[in-house]
Structures are given as structure tokens and as C-alpha cells.
Amino acid sequence: MSLELRGITKRFGALTANDSIDLKVEAGEIHAILGENGAGKSTLMNIVYGLLSPDEGSISVDGKVININSPLDALAAGIGMVHQHFMLIPVFTVAENIVLGHEQVKGPGFLDLETARKEIARVSAEFNFDVDPDALVEDLPVGIQQRVEIIRALIYDAKVLILDEPTAVLTPQETDELLKNMKKLRDKGAAIVFITHKLREVREAADKITIIRRGKVVGTASPTASQEELASLMVGRPVSLDVDKAAPQLGEVLLTVDQLNIHDHTGRALVKGVSFELRAGEVLAVAGVQGNGQSELAEAMVGLQEHVDGKITLAGVDITRSTVREALHSGIAFIPESREEDGLISSFSIEENLILDLHDLPPFANGPVISQSVVAENASKRVTEFDIRAQSAKDAASSLSGGNKQKVVLARELSRPVKLVVASQPTRGLDVGSIEFVHERIIAERDSGRGVLLFSTELDEVVALADRIAVMYRGEFIAIVPADTSREELGLLMAGVKR
Amino acid sequence: MSTTEIRSLSAPERRRRRGIITMGVLGLFALALFALMPKEGQPVTYSFVLGNEWVLIKEWIINSKTGSLIFAAIALASVVLAALQFRARKTIRFASSIFGVSFLMSFLCWAAAGKFIPFTGLLQGGLLLSVPLIFGAMAGVLSERSGVINIAIEGQLLAGAFVSGVLASLLHSNWLGLLFAPIAGALISLLLAVFAIKYGIDQVVLGFVLNVLVIGLTNFLYKKLLIPYQDTWNAATAFTPIEIPLLSKIPLIGPIFFSQSIIVYLMYVVVTIIHISLFKTKWGLRTRAVGEHPTAAESVGIDVNKIRFKNVLIAGAVAGLGGAFFTLGAVGSFSKEMTAGKGFIALAALIFGRWSPLGAVAAALIFGFADNLQGLLTITGTPIPSEFMLMAPYIATIIAVSGFVGRVRAPAADGVAYKRGGGSH
Amino acid sequence: MKNLLKKLTLPVLAFSMALFVSGLLVAFSDSQVLALKGKPLSMIAKAFSTAGGAYWALFRGSIFDPSLAEKSFIQGFYPLSETLVAASPLILTGLSVALAFRAGLFNIGAQGQFIAGAIGASWVGFTFEMPVVIHAIAAIAAAMLFAGIYGGVVGLLKARTGAHEVIVTIMLNYVAGYFLLWLLSTTAFLRPGRQDPLAPEVKTTARLPHLFGSELRANLGFIIALLVAAGVWWLLQRSTWGFRFRAVGANAAASRTAGISVGRTTTTVMFIAGALSGLAGAVQILGSEPAMTAGVGGSFGFDAITVALLGRATPIGTVFAALLFGALRAGGLTMQASTETPLDLVLVIQALVVLFIAAPALIKAIFRLKSVDAGQTVASKGWNG
């Protein structure tokens, strides 16, 4: 079965997310759609899958134009999708999730899960997936959850399978496994659309590559193209893939974490017995697959976690029981994982977002009164320093692009007297230009003698920035290794394999 | 690096422990206040016969001090049982229900010292008072499980009461009145559905405004038409109870459950259907899916807003039917604001019952029983002011949502409007 | 100017729509109109005159009554004075709800907080002997403290346990109602020689002075309400507290991450919101209803929600919305007395106004407008927010 898109255009207000995109995917090939964050890949695939309607253009399957108004139409046309954010209901079992939307019934509408269980067993056996149909999805690791999505697509006989950034949540070894399975499916005649921004994976698995930049198709490439070629096509200019940095100038021990445990409110352990030291002038990167306790550990550094025991010492001061405010004022800059949810107040102006932390202290506040002029002055200074591209600092933060939002967060957090920078997924979802800015800034902080604790699920980022790497697995620091450790070894550690 | 497995109690366990401690304190309190404090006991008479059921025991007379003492002792014993089962990591539900019943009985022996308690009648009245609560809570389950907050239960009940009473009077047929009650409730729901789902208006605000609208409308029409033209507009009479052969003869159970009006029997049917459908059918699976994660449901081809729309309409119909209980199930004629906040207690029962049909029914029964007990004790006279008894369900609900009874978790997408392609996940 | 016009389009259209729909209700529930079933033209004419009569009475009862003006011109404004009397507590409870809204909290508890305030003001007002001014201030302080605590508890419970404020405030309204009922049966609060629930009148030293002579009931309470509205505006827009309130309301997670204590903010907001509703109770008791009854709360707390919604949760909008609803309240009484149109029509109008306001899309569709300034829409969050 082949899938063809002609002239697909999608606008969101003033933004053209997809601009007259043409694409043809044949049966029996893996067709990679390569583009940086925000290029419009996900929008395009959501259109193909019926979650969004295009403003212009047509979709045809096997040469016949079809109307896709809902996922139901897509599924009927043999198009299946594995979503970047899994479309699974956490409180349902695997089987319930798989039958949802295609329920078999017996008698007066009673659910029949037996057939689904058998089908799950069949597909699991074929691809060596170890999936229990009666497990609750919320109890499963992300890697297994992704398999549930793949199983679902296969059970419904998808001939075209779209995988949207499928490797983001996987270890390198799991990624290899997934790529192998994709090839297996291709060999059985499926057309596979592989959406990604990771060059290495494209070169390894793709048969054809289409590159999208700012909503437009800018070219095609063959898998034999070099990483540099692909990168410059993707970004539109030559990109250096390495971060320039000198050897670290190590200072005193800045941060000591001793036997830290974190529980959630049901008493489940999220972080177990983590201990480490961080020196001034060093980047310690915490690598690992998402959901292994990194988010919670990062939050615990600034008092955002409730059930914490152990000890955190910053420059000789015990901050384990500090409030967030105390932790921030003791010299921590905190870049939260989700800038939309935790970093910014999107309905507030840029000015206001820049003083969230200091709004009630001089010079911004004079007693209980906020001084509007000082706030405006501060904003204009930060906007220049951090190159925040905005029409006016009085505009709402929601009007900014992702990269500029992150710059607002950086500007706010780095403007206090800072000893330690805790950055959680600081480049997630950013375009390459912004990624470079953030990386340079992080290295600049390190070089000016601050300590950096970086949490990242992107192995490339970890390798590029780290002076030492800690690998986190199921809430533990499974190892702390030098920055030049091989990817393969890091991958094994991320999967919990200790040597 | 070694793993230090910290053996600490999980939150549910801590909560259960807190529950046991609370029960222990309450038990001792009962022992001291109800059984030991009063200087001398007086006889309490419990009567068990209500109608023409088979007689097992007619009356039971017990000294109030002795009674309180016995039941306080049983309550304390059940606390011990609960503690043992907690140790054995078993559920303590059974022990806590025993505790609840015996604590109440201990209280009753004390409060009714020297009085006559029609025991069967007390329970029967409790069931009756909980009927509209149960219907209302079911309306909440239907709508909120699919992700639409239903604060308008009060309005739906009131609309059902008004329309059923008026139409039964105008058309001289209770059955026709009963038929239109769900339609009235569904009409209110239609407004809720259109504004909340189509226009995406905040559901709490909306439900609130709809209540005001229904109260205003019914009050207006009541004064304008029902009072001046009472003989034609407001002269309905209540349904007579139907005794189920044999079943109604069972002592205690019979008069309580099987000698009721048609609306109560309809309630049994509604609750059973909702409970089974929600967990065992295709409809139930889809309902829960759109209430938990609408984007995921959409991605497998389910029309989220259509399901929500339907469910909200059915919810209104169920509440409307419950509204008919105020008129046709009880007194026949309609009176101003006769639902008197029962819709909000139904909402409380829904939350107390953690959005599960049977949990909500249990909570509604407890609230109904407390309400009836309060009424009875006000008449017979007790040491506790009736206003405080009236407050009890509300305070119990506050305690429940404050996490003492467990962390109450609503369906994840409850109250969040869904727009295609703009999903929040 | 053009901007203001655009801002007013929606409320004005919504209000007109509400009056139109309610007019239909008045006309077609009238027996004389219904009697003309066979003759459509005279039926429509009669319908118009019935609804028109009701609305004319509504106006006479709320702004200016020519028949009263015949005696003395100032008397003609008796209805306007009644509007101010009805609006004063509405402004305050409306501000209470609006303030909480801005902090992301839906305060349905204005009713209970109003009662708590009325209890405080009444108790201080009839129990103690104090000099003028001081007595009033003491009564107001007690009202605000009681009600502030009653509201603050909600915030505290939310902060500590996550208990949803909508549920807790609904429940506390009932608790307050029953508590008041019980209080009025105790010797401390029951007026000597009475059986029905009625408290003693507050002493004259604690009363709020009338504004336009003793014949018109408009009193200092209205001025207090306006000043408080200005104060709330300042609090929200200029102060560090207000900054936190708005921050937490707009995004609690981001506020927490930036070091703002969400729990403390929530508790503070609910305390202030409670105190504002309590002040409304005090204004009612000290200004126009010196003897507290079980029904003292009326529907002030619930009207407050419609007021805040209509006023888009801004202080100035709330003042105007409260004046409008105050006028409806005051005029509704005249309408009921002179045209046999029940007062409850006012509730219907209120509900419809808010419904239309909340759905700009609907108004746009009805009037085929290209754009209306929907302003800030007020939204609470689901149960899990």
C-alpha cells in the first residue's frame, strides 16, 4: 500500500505549520521525515491520522484520494500511528486499551476481551514483545507502553505505520531493537513513516529521507548522506554538531547529596539512595531513559518534592528541608523540565515573568507596592542580554516561540546570585539555534565557576556537555562514569546493566 | 552503590492506620459518653413491625445503659479486629462496617433513652430520603465519568419534580407525569451539554447558573400559575406503594425495600444498569476512556464530544426521574424549591463514593439515614440540637474530600472541555 | 473610546437578550395573554403590554418613581436609594468571588461567609456598649475576622489536603445556615420574649449613617463598598500580594517553581475573600437590617457569583454588575407588588445574562457580529485542578 500527500497546507492563525507539502511513501520502505523541533512534522502526521484537518491539499492511498476526517477514517484506510505522547489510558489494562474503539461485544453490549488477549499474545510472540494483556498501563515502563501502541496498530492491520519520534523515550539498545522491528515490518510489506530529528537513526534505518524545514519540504536525501549534510539541510545552514569547550577548571565541592530517597504520595520510591558530589566549575550530566526518577531528583534540589529523606548540602549549608524560595535564594538557578507548565506563566507579560521570583523584594517592590518602572527597566536589560525576540516586553509570554520562552526562563533564573545551575531537559522541543544558545550558556556558567547539574534524556546532549556522567535507572545512580565513556556502555547502563 | 529499601508505610496504609486510630477513639468515646456517663439507664423500645410482614420479633426493649455498653463493646471489638487484619495486610472494610453500625446503635440507645424507636420505619424512611440522592448521584456518575462536571444536579432534580407534578396534574395521569420527568431533566442537561461541550464554557460556572435558572423559572411559574390555579396545575397525588408478593413479607427487609412506590423500584433498576454497564460494556469502556484521556480516545476513532453529549443527556434524564420522587413519589403536589439542596448532597455522595456507582449509593444511603434519624430524634427530643445533626452530611463530606477517607480522585479529564486536535495531552 | 464600546457590546447584547427571553416568559405565562389564544394579533399586542408593564414597574422600582416624586422630588429617588442598598452587599460579595477567581479559586462560599460576618456584626452590635464610630468599626472588624477565618479554612484545607474549594464552600454554606439557625435558638441570640428566630437589633451606636437623610435608606455601606472595590483593584494590580494571587491563579505550578508559596497564597486569598463577604454581612446588618433573622443571607452569596461573572472578575466590572443586579432586586419588589409578576423573574434574568455573557460565540452567532471583545473569561479548573 502506498501513501501520497499532495499540497498539504495547515495554518494556525498567522503561523503556517505546513506549507504545501508533497510526500510519497511506498509499500515496503521506511521513509524518514527529518526536521528539527517545530518544523511541522507532527502537524503533518496528525493530519494524515485525522487528528487535524488540513486547510488545503489531498491525501491518497494506493492512488485513490481519500477523505480523512477522523482517526476512524485513517484506521479504516489502513493507517496506524505510534504517538510521541502515548495515546493510552493509564488506568485501563493493556487489553482494554487495545480494544478501545474496536470493541467486540457479546450479548447486550458486554465487552469481550478474550479475542483481544489472544491477538495480543499472537503479536507479542511474533515480535518477541513481552506484554501482559491484563497489566495496568500506568504500571508499565515507557518502553513497554510503546510496544502496546505498536501491537495495537498491528492488530488493526495497519499497512501504513507512522512512528512519531519513537526513540525519544528509549535506551540505545531499545532503539536498536525498535529499528530492527521496523525493518521486519517493512520486509513484510508495510509502508513505514519514521518521524525524527535524530540523524544517526535516520542513517541507520531509513530507505528514503524527506527533510522538512519551517513547514516546507526542502529536499530529499539518501541514507548514505553524511550527518553534516543532513544537519545542514535540516537547519538551513552548516551546523557544528560539537560544543566547543575547554577542560574544566574544578573548584571546591559545591553540592553534596547523601543517600537521598524520594517517595510519591502513595509511598512508592521514586529515587533510591542517590549520593554524589559536584564541584564548582563542572557539569555533571544525569543521563537515563525518561521516567527513571530524574525529574523528581531535579525537583528535590530546590524543595519541590514533598517526601524526601537524606541530605542535600549546598556550599556547606543543609538545604534538604528548604522551601523552594529558600533553595532558590541560597544560590540555585532552576530550569524546569516543562517551561510551559512550570517555567512560565503564559498569560503574564514577559516583564512579569522575569520577576516571578523577586517580585516582593527591592528593587522591584517598595514595601507592598511593585514599582512598575523598575520592572520595565529590568525587562529591557534582560531582553538585550539574553537576546529575547519579542515585540514588547509587555506582551504575554504565550506570544513567544519555544526558544524565546526558554530564554526568558534562563534570564530570570541566571539573574540571581547563582552558585549552582540545575537544568532539567533544557533543550527539549527547541530548534537548533536555541539549542546552541542554551548549550553555550550552560558552558559559560560552568566556565565562570558555577556548578551545573544537567538532566537530559538526549544522549547526544549529555555527551556534548558533560564533564562527568551519572546514569540513572529505576531511581538509582547506577554508575557515575567519565565523559568519554562509549555510547554503547552508556546505553547498557541506561538499561540497568551493571558491569 | 547499594539500594536501601526503606520500609515505610504507603499512603493508603497510613490512611488505614489513621482510620483505625480514629475508630478506636470514637469507640472509647461511645463507651464513656453513651454507656458510662448517664447516671441511670432507661428502657429503649425498638419496634420492628411496620405493616403486614411476617413477624419475627415485634419489639425489643433494652436498658439504655446496657444497650450502649453492649454496642460500644462490639464497636471496640471490631476495632481490634480491624487492627489484626491491618497487621495481616488484609482489607478492613468488614470490620469498619461492623464498627459503624454498632457505634450508631450505641449512640441510638443513649439518645433514645426512655423513648420508642420504630426501627423498621427509621430505616425505611432513610431509604426514602436517599432516593433522590441516589438518582442525583447516578446523574453525577454518568456525566462526570465521561468528563463533564455536573453541578446542575439540583436544577435537574427540581425540573423533574416540577414537570412531573404539573403534568400529572394537568393530564390527570401520574404515569404521564413520570414519563415527562426524565425529559425535563434532559432538557436542562441539553443546555449543560450545548454550552459546556459546544461552546466550551467552564462547567462549574455553567452548572451553577443552570441551577439559578431552574430555581428562578420554577419559582416564577409556581407563583404565577401553580398557586392561583392550584386545582388544575398542582393537584397531583402521589403514587401508592406496590407490595411485591412474598418479598414484602420478609421481616425488616420487606417493608424497607419491597413495599415502595414504582420510583424506588425504578431506582434499583437504574443503579444496577449503570453499575454493570460502566464496568462491563462497550459503552462503559468508552465513557471511562473519554473521562480519563479524551485525546487517546479520539486517536482510536471515538467521537469524544458525542459520547459526552449523550451521557450528559442521559444523566439529566436520570436526575429528572429522581426529581419526580419529590412530587409523585412523596406528596404529589409541587412546592417552591422543594429539592432544598438535595442536588448538592447528591454531589457530595458522588464524591464521597469516589465517582463509583455503588460507592455513591452507599454514601447516599448513609446521608439519607442520618437525615431521617435527625428528623426522628428532633421529634422525640435528644440531647443534641437538631441543627447539628443536619450539618452532619456536609461536615462528613468536607472530611471526606480533605483526604481523611482516602485521596479522592476524580476522573482525570473531568471538567476539561475537549477540542479536537487541541487536546491537552 | 472605541475600545470601551467594543468592551460593552457583549454585556449590553447579553442583557438585552436576557430581557427579551424573560419578557417572553412574563407574557406567555400570563392568563390574560393565554386567553387570547385564537387571535394572534391582539395576543401579541397584549403580550407586549404585559411584558412592558412588568419592565416599567421594574424601572420605577429601581431608579426613579414619578408618582413618589409628586410629594418631594428627592422622594422620587427612593427607588434608586433602594438599589444602592441592595447593591452594597452585592458589590462586596461580588468582589469576594472575583478576587478568588483571579487567584484561580471558585468561591461558592460567599453565602456562608456572609452569614459568618452577619453573626459577628450582629453579636458585637447588640451585646457591647461602645461609643459611636468605634462600635461600628468593632462590629465590622468582628464580621471580617469571623468570615475571614471561615473562608481561610477553605484555603487552608485546599493547601494542606487538596480538598476542592467548590465542594468545601458548598458544604460550608449549609453548615453556616444551620449554625445560624441553632444560634438564633440559644439564649444568647434569641430576642427576649420571642420564639421565632430573630436576634436583638444592633444598638444605634453601631449603625451606619444614612447618606441622603433619614427618609432614604441608602447608607455609608455603599461608600464603603466603592472604596473597597478601589482597594481590591489596587491590591490586584499594584501590590506584591496581588501579583502572587494572579500568578497562582494563572499557573500554580510555575508560581511554585519560582518560589511562591501556593498554599500560603491560597489561604490568604480565601481569608481576604471571606473577609470581604463578611464585610457585606456587616453592611447589611449595620446598614439596613439591624435585626438578624435566619434568612439574613438571602441570596447574596449566590448572586455574588453571577455578579462576578458578569463583571468579568474585575473590580470595576463587579461594581457595575452589582448595581445592575441591585436594581433588578429593588425593582423586582415593585414589579411583584404592582404587576403580579413574581420577583423570581429577576433570578431568571440574572441566569440568562450570565449564560449569554459566558458564551460570546452564541451572542456572535445570534447577532451575526464579526468580533466582540470577550474580555477575560472566567474559568475554574476541573476537580483535579
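Every value quoted in this text rests on a predicted model; they were computed, and no experiment measured them.

Thresholds, definitions, all that
- Residues numbered from 1 in each chain as written.
- Chains lettered and ligands numbered in written order.
- Predicted model: local features only at pLDDT ≥ 70, side-chain atom pairs only at ≥ 80, totals over all residues.
- Heavy atoms only, no water.
- Contact = heavy atoms within 4.5 Å.
- Buried area = accessible area lost by both parts, 1.4 Å probe.
- Salt bridge = Lys/Arg side-chain N within 4 Å of Asp/Glu carboxyl O.
- Polar contact = N/O pair within 3.5 Å; in protein donor to acceptor, adjacent residues only side chain to side chain.
- Helix = DSSP H or I, 4+ residues; strand = E, 2+ residues; numbered from the N terminus.
- Axes fitted to C-alpha atoms, helices over the stretch in contact; angles between N-to-C directions.
- Left-handed = near helix turned anticlockwise from the far one by under 90°.
- Nonpolar A, V, L, I, M, F, W, Y, C, P; charged D, E, K, R; others polar.
- Pairing = 2+ DSSP bridges.
- Phe/Tyr/Trp six-rings, centres within 6.5 Å; stacked < 30°, edge-to-face > 60°.
- Buried < 20%, exposed > 50% of the residue type's maximum accessible area, 1.4 Å probe, protein only.
- Lys NZ or Arg CZ within 6 Å of the ring centre and 35° of its normal.

Engineer: Which parts of the structure should I look at to understand the interface of chain C and chain A?
Structural biologist: Quoted interface sizes are often the accessible area lost when the parts come together. Between chain C and chain A, the residue contacts involve 19 residues of the former and 27 residues of the latter. Interface area, chain C with chain A, both sides summed: about 1,800 Å², of which 65% is carbon and sulfur. It is T240(C), F243(C) and T257(C) in chain C that bury the most area against chain A; as a group they hold 34% of the surface buried on that side. On inspection of chain C and its partner chain A, the count reaches two salt bridges. A salt bridge links E352(A) to R246(C); the nearest nitrogen and oxygen atoms lie 3.2 Å apart.

Engineer: Help me out: how do you make sense of the interface of chain B and chain C in this one?
Structural biologist: Each side of the interface is counted separately: chain B has 49 residues, and chain C has 49 residues. At the junction of chain B and chain C, the tally comes to two salt bridges. In this structure, the salt-bridge partner of K223(B) is D344(C), at a minimum N-O distance of 2.7 Å. If you look at where chain B meets chain C, you find four residue pairs in polar contact (both at pLDDT 80 or more). Mapped by element, the contributors of at least two residues to the side of chain B that touches chain C are α7 (203–226), α14 (342–352) and α16 (386–404) of chain B.

Engineer: Would you take a moment to explain the packing of helix α7 (residues 134–161) of chain C against helix α12 (residues 262–288) of chain C for this structure?
Structural biologist: Axes are the key here: two packed helices are described by the angle between their axes and the distance separating the axes. All names here are of chain C. The contact between α7 and α12 brings their axes to 6 Å, and the two run at 145°. Between α7 and α12 lies a crossing whose hand is right-handed. A breakdown of the residues in the contact of α7 with α12 according to their chemical character gives 17 nonpolar, nine polar and one charged.

Engineer: It is not clear to me how the sheet that holds strand β16 (residues 307–314) of chain A should be interpreted in this structure. Could you clarify?
Structural biologist: Residues and elements named next belong to chain A. The strand order across the open sheet built from four strands is β14-β13-β16-β17, with neighbouring strands paired in antiparallel fashion. Of all strands in the sheet, those with a lone pairing partner are β14 (269–279) and β17 (317–318), marking the two edges. Lying on the sheet, helix α9 (residues 294–301) is in contact with β13 (253–263), β14 and β16; it crosses β13 at an angle near 125°.

Engineer: I tried to follow the packing of aromatic side chains on my own but got confused; where do I start?
Structural biologist: Geometry of an aromatic ring pair is reported as the spacing of the ring centres plus the angle between the planes. If you walk through the whole model with that rule in mind, you get 33 aromatic pairs over all chains. The interplanar angle of 65° and the centroid separation of 5.7 Å between the aromatic rings of F34(B) and F107(B) together place this pair among those described as edge-to-face. A residue pair is termed long-range when its members are at least 10 positions apart, and F34(B) in helix α1 (residues 11–36) and F107(B) in helix α3 (residues 93–111) qualify at 73 residues. Accessibility assignment for this pair places F34(B) and F107(B) in one class, buried. Linked through ring pairs, F29(B), F34(B), F99(B), F103(B), F107(B) and W110(B) together constitute an aromatic cluster. Positioned above the aromatic ring of F127(A) is the side chain of K184(A), whose terminal nitrogen or guanidinium carbon lies 4.9 Å from the ring centre. When the ring centre of F437(A) is taken as reference, the NZ or CZ atom of K407(A) above it lies at 4.8 Å.

Engineer: Any chance you could explain helix α11 (residues 282–292) of chain B here in plain terms?
Structural biologist: Residues spaced three or four apart along an α-helix point in a common direction, a consequence of the helix completing one turn every 3.6 residues. The buried fraction of α11(B) is high, at nine of eleven residues. Where α11(B) is buried, its residues contact α3 (94–99) and β8 (110–111) of chain A together with α4 (119–145), α10 (262–280), α12 (294–299) and α13 (304–331) of chain B.

These figures come from the coordinates and say nothing about function on their own.
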